[in-house]
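Observations on chain architecture
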Amino acid sequence: MVLGGIVAKRWINVGGEPGKRDLRLGQVYIRPAEYRTTMPRPLLALLILPLLMSCGGNAPDKPVKNDVLAADTFKWEVDQFGDVRVIRYTVPGWEQLTLQQKKLAYYLSMAGLSGRDIMWDQNYRYNLQVRRALEKILGDYKGERAGANWDAFMLYAKQIFFSNGIHHHYGMDKFTPGFPREYLEQLISGSGAALDTKVVDILFDPSVDAKKVSLDRDKDVVLASAVNFYGDDINAKEVEAFYKAKAQPGDTTPLSYGLNSKLVRGADGKLKEEVWHIGGMYGAALEEVVKWLQKAAEVAENGQQRKAIELLIEFYRTGDLKTWDAFNIAWVQDTGGTVDFIQGFVEDYNDPLGKRGSFESIVEVIDPVATKNMEVIQKNAQWFEDHSPLLPEHKKKKVVGITYSFINAVNEAGDAAPSTPIGVNLPNADWIRKVYGSKSISLGNIIEAYDKSSGQGSLKEFCYDQAEIDRAVKYGSLGDNLHTALHEVVGHASGQLEPGVGNPDATLKSYASTLEEGRADLVALYFLMDPKMVELGVMPSLEVGKAEYDSYIRNGLMVQLRRLKLGDQVEEAHMRNRQWVSAWAYEKGLPDSVIVKTVRDGKTYFHIRDYEKLREIFGQLLREVQRIKSQGDYQAGHDLVENYGVKVDRALHEEVLKRAENIKTAPYAGFIQPNLVPVTDANGEITDIKIGYPEDFIGQMLDYGKRFSFLPDTN
Ligand SMILES: [Zn+2]
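What this report covers is the structure whose coordinates are included nearby. (Residues numbered from 1 in each chain as written. Predicted model: local features only at pLDDT ≥ 70, side-chain atom pairs only at ≥ 80, totals over all residues.)

Moving on: helix α11 (residues 303-318). Since one α-helical turn is 3.6 residues long, residues separated by three or four positions face the same way. With 16 residues, α11 should reach 22 Å at 1.5 Å per residue; the first-to-last C-alpha distance of 22 Å fits that figure. Buried within α11 we find Q305, A308, I309, L312, I313, F315 and Y316. The arc enclosing the buried residues of α11, seen along the axis, measures out at 160°, which places them on a common side. For α11, the elements touching its buried residues are α10 (283-298), α12 (321-333) and β5 (339-345). G319 sits one or two positions beyond α11 and adopts a positive phi of about 70°. (Helix = DSSP H or I, 4+ residues; strand = E, 2+ residues; numbered from the N terminus. Expected span 1.5 Å × (residues − 1). Buried ≥ 20, exposed ≤ 12 C-beta atoms within 10 Å, placed from the backbone. Arc of directions from axis to C-beta. Contact = placed C-beta atoms within 7 Å.)

Okay, structure coming up:
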């Protein structure tokens with residue numbers, strides 16, 4: 001039983017927030033005089049930080065500037081294909097790091113990249129074979145590289161590289177080749193690539209392994225999911241039974257059972273775990289990871305950080321989940337360094353049962369000034385808890401251990417690339433969070449890159465009137481940032497279970513993730529319209545809260561549908577929660593016309609008429625969702641999600657897709673990683689690490705394929 005699954009940490013995938021991300025038109029923030037006078041200067045710098053670099057760097061408190069690139073001339077978006085675009089990010093302040101810090105970031109990056117194959121294999125058992133065939137074709141195919149079939153093949157290849165496999169990274173559907181099977185066979189034979197006939201069969205048969213992760217409760221979610229976490233014939237009931245037997249009732253420090261293994265059927269018919277560790281499954285890649293982690297440990301910034309890295313190494317060696325917990329405890333207590341990292345089998349979204357962790361790596365550099373400013377919200381966490389609309393018995397008496405940092409990513413790999421989160425809260429194990437606290441980060445330079453490469457087309461298409469557009473332009477980005485801060489710092493930390501109630505992944509099962517994300521969103525929404533926020537100096541007026549309400553409702557009821565194919569239901573946990581929060585609020589507000597649905601020239605708009613009332617409704621829903629979590633009320637959780645978060649109004653969906661065509665920006669985005677290149681002296685000693693920003697997505701994918709491919713085709 002995994003405890004962490006429910007406190008689903010990744011609040012936003014940058015991979016797509018149409019409408020929401022489009023609101024980050026931040027240039028405006030630094031212009032209005034009210035900001036300079038109303039807001040404490042450091043906080044101002046924090047909130048507009050990702051946006052400032054575009055404005056000629058007139059941020060007095062920004063400690064480091066991007067000394068490599070003039071932001072205005074940097075090419076943010078480098079490619080667009082299918083429903084995704086590929087953008088780049090810069091690493092501000094890299095040159096200000098000491099050589100030791102640069103080395104640390106470099107070694108950690110190399111460690112993360114060395115585990116890249118794992119994520120491919122976890123996503124699907126034939127992914128590595130497919131990727132290597134693509135690499136071979138792209139490298140060696142001697143025939144004509146032009147024409148409709150070649151273009152369709154290139155699209156297919158890019159989509160697969162972007163998704164770390166043959167299923168869409170977010171939509172979960174298997175990609176459909178836009179060229180005939182014979183053409184692929186021609187490419188294979190013309191390049192010396194190898195691909196089993198049975199795998200080719202699968203690529204061209206839409207009925208086989210159609211979904212990477214299926215949450216369709218009408219089916220067996222384990223059998224219906226193509227991820228490589230369970231043997232082919234193992235069903236959800238068996239898995240639940242297997243882990244139920246492992247769990248010890250009353251255990252206050254339960255292990256994250258199932259986190260680092262594949263569950264298979266042994267020769268005796270019984271289930272057994274194939275553990276991911278050196279000497280076991282994925283051992284060849286983990287050996288390389290450890291090689292680099294050892295170098296990283298040697299240049300750690302302090303003893304605590306070294307201890308954490310060494311525990312991670314030990315975990316990869318032994319596969320012992322106790323060591324995983326020890327690593328997480330050491331990691332959460334390592335707050336002194338400038339360089340930090342996330343690595344391991346972390347998030348469980350790719351497992352339909354929320355147990356197994358996907359390999360991921362994020363290497364990051366702390367932005368000290370921005371992080372310091374976040375303390376304003378941290379310091380008031382208890383005030384927020386005390387003033388939340390929760391039932392008294394569900395409020396935490398003491399909110400502990402919340403830290404929140406603004407960081408700049410240096411390198412991402414595995415589950416975190418090319419599509420990346422823009423905010424993370426870890427560790428996942430509930431008991432560790434309770435006893436030792438957790439770390440929350442916002443990836444400032446990723447958010448900046450996202451902002452800089454987006455336009456405002458979505459606003460023009462989906463906002464009800466000019467006032468809404470103006471509010472979004474003026475306050476949207478600030479509202480969005482504050483939503484993030486409240487969601488992470490206050491939201492996930494808020495509330496408590498009633499005595500004797502099991503953890504939500506046991507009580508709420510597959511609804512745990514979406515209910516937790518919705519709960520954290522509701523905490524944020526509730527306080528975004530609280531005068532306390534103005535009093536704290538983090539926002540100039542409640543107009544900021546209104547802008548965020550507009551954005552949330554617009555997205556949850558309408559705009560996010562553009563990411564779904566016609567006929568599909570909402571499956572992804574975050575999309576579900578945005579819909580059930582919005583749809584429930586819409587319905588409850590109908591008698592008072594709190595949110596009004598208007599159709600004008602065949603276009604639908606959702607317009608908030610009464611923000612105060614909407615805030616009350618969000619408060620009611622928050623109280624109810626907390627009750628569901630605190631009491632483990634599965635039926636109520638099920639009903640809320642199924643009745644409000646899953647179904648799609650087909651006519652509206654059709655309309656949204658049509659309107660979305662007017663917006664040129666692809667709904668998902670992902671990133672090319674910077675290149676870190678060591679400079680050495682005559683003795684081979686590293687004297688510097690240079691950072692470069694490649695522009696060629698496929699070029700980087702092929703380069704990674706050459707340098708970081710350590711696993712066999714089949715694992
Ligand atoms: Zn969250």
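For the rest of this paragraph, the subject is the nonpolar core. Ranked by internal contacts, the top residues of the largest apolar core, which has 179 residues, are A296, L486, L522, V523, A585, F618 and L621. Each of domain 1 (2-76 + 282-660) and domain 2 (127-165 + 175-204) accounts for three or more of the residues forming this core. Those residues in contact with V523, other than ones at most four positions away along the chain, are S388, L486, H487, V490, G491, S494 and L622. (Core = buried A, V, L, I, M, F, W, Y, C linked by C-beta atoms within 7 Å. Domains from an automatic or database assignment.)

The next thing to look at is unusual backbone geometry. The amide bond that connects A417 to the next residue, P418, takes the cis arrangement and shows omega of -10°. Relative to the elements of secondary structure, P418 occurs in the loop between β7 (402-414) and β8 (423-426). Backbone torsion omega between L426 and P427 reads 0°, so that peptide bond is classified as cis. Topologically, P427 is positioned in the loop between β8 and α16 (430-436). Backbone geometry at D209 places phi at a positive 50°, although glycine is not the residue there. At S593, a residue that is not glycine, the phi angle is positive and equals roughly 50°.

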